[in-house]
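Survey of secondary and tertiary structure
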Number of protein chains: 2
Amino acid sequence: MTPSRKKPNINCSPVDTSHFFGFAVSVDCVIFGFDENVLKVLLIKSDLPTFQDKWSLLGDLVELDEDLDSASYRVLKDRTGLENVYLEQVHTFSSVGRHPAGRVVSTAYFSLVNARHHQLRQLANELHWHPVADIQEMAFDHMEILNTCLAALQKKIQEEPIIFNLLENKFSLRELQYLYEAILGVKLDRRNFRKKLFTTGLLVDVDEMEENVPHRPGKLYTFNHGRYSNMKKKTFVGIDF
Amino acid sequence: MTPSRKKPNINCSPVDTSHFFGFAVSVDCVIFGFDENVLKVLLIKSDLPTFQDKWSLLGDLVELDEDLDSASYRVLKDRTGLENVYLEQVHTFSSVGRHPAGRVVSTAYFSLVNARHHQLRQLANELHWHPVADIQEMAFDHMEILNTCLAALQKKIQEEPIIFNLLENKFSLRELQYLYEAILGVKLDRRNFRKKLFTTGLLVDVDEMEENVPHRPGKLYTFNHGRYSNMKKKTFVGIDF
DNA sequence: TTTTACTTGTGTATATTAGACACAATAATA
DNA sequence: TATTATTGTGTCTAATATACACAAGTAAAA
């Protein structure tokens, strides 16, 4: 249909391609936290005139000498002070008009942090934890990014035990269940939940009670990162549409 | 640790950010096909001096007025003549030194095409179908991109019935099984495979035999895109690590 | 033509997992 | 003290995964 284009492929022909180097690249981090049994996301108030009073994700332009993962870690560290956080690339958003400042392609990451971490108690005042369920609109295309990342998170927690990144080191089974329910948006049967979790071998009893930790009811457990039986993989030979 | 950076966040402060607009953005398409019971990928010979005689994925720089999806469709159409192909964004690769021509961030897509489609019979002579299993090295970071996309494909075909995009309109169960085996790299039990496929409701008998289609043994079926029982979703409330 | 090799089509029995379901004891609150 | 909410615990049933054998048909080779 369309006549074949004359512009050579950059992978194949060393020609002048300087006019293509007009993009900016950014990262946007969907930082999830769990507090008061609600899944929350850390947002910042936009002061771009275009998005007056809208909230936006934490993000930044990528420097010419850093890659996307590094840029995301940098954003996380600069904004929250946290290091060694769980971070995962999800999708790259590239609508032509998505940013008023020009052609900015943005790669979305989601991040899981412990919202009660001491470094997060006093946040910079333009930062705020929002319950994910309450968010109706955001600046830029950030609502779409948030929805995409939430879907990715919902899927991922069913495949790998990354969810503990959202909890304190020690937690009760009830907390864990509430967290699953908050992320997945479903109610789970408590007894079946317990049964399933224990068969994974992921949970380890914690005997000692801490002194200075606020008391929460229930037996406390901690995650056993190393050995867990990858149950889904065992039934993975099949073709489960 | 690191002192907080002074550069304002682009999402929040309308400042001069022109020095960030020095990136090029590209797409690379991992075009999968199935022929002679082998999973293949369509490659092009690189003639960049840096990658003399290495094969590379089909890709192109993204124009300043198009988004990534459009760019991928364009590459597919220009290179293969095919439209309405299955295309899915997988990951964005951004190592600082990944492209000799400058700072090029590339978003990888995988694509599923019918390798026996008539438009593909006579390919431009720099294009070639390579068995995925035989590929040892490629230009740029394309080996990593290929591996990432293969893993994404393996996962995806267990979740959604996209696999028919690799087959002719009519196919035998045996062909379908070989295709699954080729992608997943496993052997499947023929009887269990049949049972499972039929319970999905995805397959429809094809009674009439075509005249001008080369004869392949076995009963022919066609895919029933509309209704299929999403079996995995039924057991989705659980937490399957 | 006969033989051989390969492919197709079909069913059952077992093990694993998912999911539904109730009640007594304890802790917190009014 | 009464009330309310939360915790801990086990069994039964249904669905699914998986292992497994043989007879008939087709194509190729002798």
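The model shown is predicted, which means the values in this text are computed figures rather than measured ones.

As for the sheet that holds strand 10 (residues 220-223) of chain B
Backbone hydrogen bonds are what pair the strands of a sheet, in a parallel or an antiparallel way. Residue and element names in this part refer to chain B. In space, the 3 strands of this open sheet follow the order 8-10-9, with antiparallel pairing throughout. Across the chains shown, the open sheet's two edge strands, defined by having one partner strand only, are strand 8 (171-172) and strand 9 (203-205). Here strand 8 pairs with strand 10 via 2 bridges, running antiparallel. Its bridge partner being in strand 10, Phe-171 is matched across the sheet by Tyr-221.

Topic: the domain arrangement of chain A
Interfaces are often sized by the amount of accessible area the parts lose when they come together. All names here are of chain A. We note that the domain assignment places domain 1 (23-156) and domain 2 (162-233) within chain A. Taken together, the contacts link 15 residues of domain 1 with 11 residues of domain 2. The junction of domain 1 with domain 2 conceals about 1,300 Å² of combined surface from both sides, 65% of it contributed by carbon and sulfur atoms. For domain 1, the biggest contributors to the area lost against domain 2 are Phe-34, Leu-112 and Arg-116; these three give 39% of the whole. At the boundary of domain 1 with domain 2, the tally comes to 2 salt bridges. Note that Glu-175 is salt-bridged to Arg-116, the shortest N-O span being 3.4 Å. Of all the secondary structure elements, the ones that give two or more residues to the side of domain 1 that touches domain 2 are strand 1 (24-35), strand 6 (104-112) and helix 3 (142-156). Of the residues forming the side of domain 1 that touches domain 2, the biggest block, 4 residues, is contributed by helix 3. The residue inventory of the side of domain 1 that touches domain 2, partitioned by class, reads 9 nonpolar, 4 polar and 2 charged.

A closer look at the packing of aromatic side chains
Going through the model one piece at a time under the given rule, you end up with 12 aromatic pairs over all chains. For the pair Tyr180(A) and Phe193(A), a centre-to-centre distance of 5.6 Å together with 70° between the ring planes defines the contact as edge-to-face. Taken together, the residues span a long stretch of sequence, with Tyr180(A) in helix 4 (residues 173-184) and Phe193(A) in helix 5 (residues 190-200) at a distance of 13 residues. Judged by centre distance (5.2 Å) and plane angle (35°), the ring pair of Phe171(B) and Phe223(B) falls under tilted. On the criterion of sequence distance, the pair formed by Phe171(B) in strand 8 and Phe223(B) in strand 10 is long-range, its members being 52 residues apart. A residue is classified by how much of its surface remains accessible, and Phe223(B), at 9% relative accessible area, is buried. Here a set of aromatic residues connected by ring pairs shows up, and it is made of Phe32(A), Tyr86(A) and Phe110(A).

Overview of the pairing of strand 1 of chain A
Residues and elements named next belong to chain A. By the criterion of burial, strand 1 is predominantly enclosed, with 11 of the 12 residues buried. Bridging between strand 1 and strand 6 involves 9 bridges; their strand directions are parallel. The residue of strand 6 that forms the bridge with Ser-26 is Ser-106. Sheet topology note: the strand 1/strand 2 (residues 38-45) ladder contains 4 bridges and is antiparallel. Across the sheet, residue Gly-33 finds its bridge partner in strand 2, namely Lys-40.

Description of the pattern of salt bridges
Residues and elements named next belong to chain A. The full count for this structure, using the stated rule, is 28 salt bridges over all chains. Across the pair Glu-160 and Lys-156 runs a salt bridge, and its minimum N-O distance is 3.5 Å. Residue Glu-160 is classed as partly exposed on the basis of its relative accessible area of 35%. Exposure remark for Lys-156: the relative accessible area of 15% places this residue in the buried category. Through salt bridges that share partners, Asp-35, Arg-116, Glu-168 and Glu-175 make up one connected network.

Side note on the nonpolar core
Ile31(A), Val113(A), Ile31(B) and Val113(B) are the most contacted members of the largest nonpolar core, which has 46 residues in total. Excluding anything up to four places from it in sequence, Val113(B) contacts Ile31(B), Phe32(B), Gly33(B), Leu76(B), Leu82(B), Val85(B), Leu120(B), Trp129(B), Asn165(B) and Leu166(B). Within the second largest apolar cluster, 41 residues are counted, among which are Val41(A), Cys149(A), Ile162(A) and Leu188(A).

Brief notes about the environment of Val75(B)
Residue and element names in this part refer to chain B. The residue Val-75 is located in helix 1 (residues 68-80) in this model. C-alpha separation for the pair Val-75 and Val-27, spaced 48 residues apart in sequence, amounts to 8.4 Å. Not counting the four nearest positions on each side in its chain, Val-75 is found in contact with Val-27, Cys-29, Leu-58, Gly-59, Asp-60 and Thr-80.

Quick notes on the rules
- For every chain, the first residue of the written sequence is number 1, and numbering continues from 1 onward in sequence order.
- To label them, take the chains in the order written and letter them from A, then take the ligands in the order written and number them from 1.
- Owing to the predicted nature of the model, reporting of local features is limited to residues with pLDDT of at least 70; listing and counting of side-chain atom pairs is limited to 80 or more, with chain, interface and lining totals taken over all residues.
- Only hydrogens and water are set aside when side-chain values are computed; all heavy atoms of the structure are taken into account.
- By definition, two strands form a pair when at least two bridges between them are found by DSSP.
- Secondary structure is summarised from DSSP: a helix means a run of H or I of at least four residues, a strand means a run of E of at least two, and numbering begins at the N terminus for each.
- Each domain's limits were defined by an automated method or a database of domain assignments.
- We call two residues contacting when some pair of their heavy atoms lies within 4.5 Å.
- When two parts are brought into contact, each loses some accessible area as probed by a 1.4 Å sphere; the total of that loss over both is the buried area.
- By definition here, a salt bridge exists when the distance from a side-chain nitrogen of Lys or Arg to a carboxyl oxygen of Asp or Glu is within 4 Å.
- Residue polarity is assigned by list, with Asp, Glu, Lys and Arg as charged and Ala, Val, Leu, Ile, Met, Phe, Trp, Tyr, Cys and Pro as nonpolar; anything else, Gly included, falls into the polar class.
- Two aromatic rings, drawn from Phe, Tyr or Trp (for Trp, its six-membered ring), form a pair once their centres lie within 6.5 Å of each other, and the interplanar angle then sorts them: stacked below 30 degrees, edge-to-face above 60, tilted otherwise.
- Between buried and exposed lies partly exposed: a residue is buried under 20% and exposed over 50% of the maximum accessible area for its type, with that area taken using a 1.4 Å probe on protein chains only.
- Within this scheme, the nonpolar core is defined by two criteria: the residues are buried Ala, Val, Leu, Ile, Met, Phe, Trp, Tyr or Cys, and they are joined through side-chain atoms within 4.5 Å.

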